[in-house]
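# Understanding the architecture of this molecule
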Amino acid sequence: MSERQLLLVEDDEPLAKQTARALELRGNRVALAHNAEQALAALSGLDHLDGAILDQNLGNDNGLDLIEPVLAHFPDCRVILLTGYGSITAAVAATHRGARNYLTKPASPADILLALDADPTNPTLPLPATPPSLQRLEWEHIQRTLDAHDGNISRAADALGIHRRTLQRRLKKRPTASDYQRDKHFRED
């Protein structure tokens, strides 16, 4: 296969650089953006785009809102949405807007490329070889609970059965890109 042009939109700069580098080592050209404004600027500077890997949560922006502009510029582009925690509602919204697949972080470069190449009539990817770390699962559970309570810390803490201050302390310990490296399924294949 010839070199593909990809757009990676990720607000976590160390994770974005690491993922872009790994994708480039696999024979792809990667345009990198860290927010919606940079992504839209990158779109106008590209002559073609084979794939777009969009983080769902981009600070104040939402990667879901980038799917339609990407496909308006490049209708044949394969769009993959990445998120720190899975949500059926967001996955459905992403596919209705035109995303080809929806992956939870950390997604290895191999996972991303598999999702880009997957048959759209059968988008099932193989399960990771090892389960995510306990820290990762806890973070995802906290994020889902916060989302279910519209970001209200007190109500989410009540639902989790912990004190509000305990939840605030745990939220300050957000996993970083280096934490994700410890999960075996993030390592490059």
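The following paragraphs examine the structure supplied in this document. Just so it is clear, the model here is predicted, and its values are computed rather than measured.

### A word on the pattern of salt bridges
- Counted by the stated rule, this structure contains four salt bridges.
- Between Arg 29 and Glu 3 there is a salt bridge, with its nearest N and O atoms 2.7 Å apart. Separated by 26 residues along the polypeptide, Arg 29 in strand S2 (residues 28-33) and Glu 3 in the segment before strand S1 (4-9) bring together distant segments of the chain.
- Glu 3 sits in the partly exposed class, given a relative accessible area of 44%.

### Let's talk about the nonpolar core
- Of all hydrophobic cores here, the largest spans 26 residues; its most connected members are Leu 49 and Val 79.
- Examining the composition of this core, we find that five residues originate from one element, helix H3 (residues 64-73), more than from any other.
- Val 79 has contacts with Ala 52, Leu 54, Ile 67, Val 70, Leu 71, Gly 98, Ala 99, Arg 100 and Asn 101, leaving out every residue within four places of it along the chain.
- Counting 14 residues, the second largest nonpolar core, distinct from the first, contains Leu 6, Val 30, Leu 103 and Ile 112.

### Comments concerning a positive patch on the surface
- Taken together, Arg 164, Arg 165, Arg 169, Lys 172 and Lys 173 make up a surface patch of like positive charges.
- Among the secondary structure elements, Arg 169 is positioned in helix H8 (residues 164-172).

### Comments concerning the environment of Leu 82
- Among the secondary structure elements, Leu 82 is positioned in strand S6 (residues 78-83).
- For Leu 82, a relative accessible area of 6% gives the class buried.
- Sequence separation between Leu 82 and Ala 107 is 25 residues; the distance between their C-alpha atoms is 7.9 Å.

### Some words on the sheet that holds S1
- Taken together, the five strands give an open sheet; going across it, the order is S2-S1-S3-S6-S7, and neighbouring strands pair in parallel fashion. Of all strands in the sheet, those with a lone pairing partner are S2 and strand S7 (101-104), marking the two edges. For this sheet, the mean angle separating the axes of adjacent strands, direction not counted, is 20°.
- Across four bridges, the pairing between S1 and strand S3 (residues 51-55) is parallel. If you follow Leu 6 over to S3, its bridge partner there is Gly 51.
- Packing of helix H5 (residues 109-117) onto the sheet brings it into contact with S1, S2, S3, S6 and S7, and relative to S6 it is tilted by some 140°.

### Here's the deal with the pairing of S3
- Judged by how many residues are buried, S3 sits mostly within the fold: five of five residues are covered.
- Burial along S3 is two-sided: Gly 51, Ile 53 and Asp 55 facing one way and Ala 52 and Leu 54 facing the other are all buried.
- Taken together, the five bridges between S3 and S6 define a ladder with parallel strand orientation. Bridge pairing links Asp 55 to Leu 82 in S6.

### Notes on the packing of helix H6 (residues 134-148) against helix H7 (residues 153-160)
- At a minimum axis distance of 9 Å, the contact between H6 and H7 shows a crossing angle of 125°. Between H6 and H7, the angle is such that the two are oblique. As for the relative orientation of H6 and H7, their crossing is right-handed in sense. Together, His 141, Ile 142, Thr 145 and Leu 146 of H6 and Ile 153, Ala 156, Ala 159 and Leu 160 of H7 make up the contact between the two elements.
- Residues belonging to the contact of H6 with H7 are distributed by class as follows: six nonpolar, two polar and no charged.

Conventions adopted
Residues numbered from 1 in each chain as written. Predicted model: local features only at pLDDT ≥ 70, side-chain atom pairs only at ≥ 80, totals over all residues. Heavy atoms only, no water. Salt bridge = Lys/Arg side-chain N within 4 Å of Asp/Glu carboxyl O. Helix = DSSP H or I, 4+ residues; strand = E, 2+ residues; numbered from the N terminus. Buried < 20%, exposed > 50% of the residue type's maximum accessible area, 1.4 Å probe, protein only. Core = buried A, V, L, I, M, F, W, Y, C linked by side-chain atoms within 4.5 Å. Contact = heavy atoms within 4.5 Å. Patch = residues over 30% accessible without salt bridge, like charges linked within 9 Å, V, L, I, M, F, W, Y side chains within 5 Å. Areas by Shrake-Rupley, 256 points an atom, 1.4 Å probe, with all protein chains shown as cover. Lys, Arg positive; Asp, Glu negative; His and termini not counted. Charge placed at Lys NZ, Arg CZ, Asp CG, Glu CD. Pairing = 2+ DSSP bridges. Axes fitted to C-alpha atoms, helices over the stretch in contact; angles between N-to-C directions. Parallel < 35°, antiparallel > 145°, perpendicular 65-115°, else oblique. Left-handed = near helix turned anticlockwise from the far one by under 90°. Nonpolar A, V, L, I, M, F, W, Y, C, P; charged D, E, K, R; others polar.

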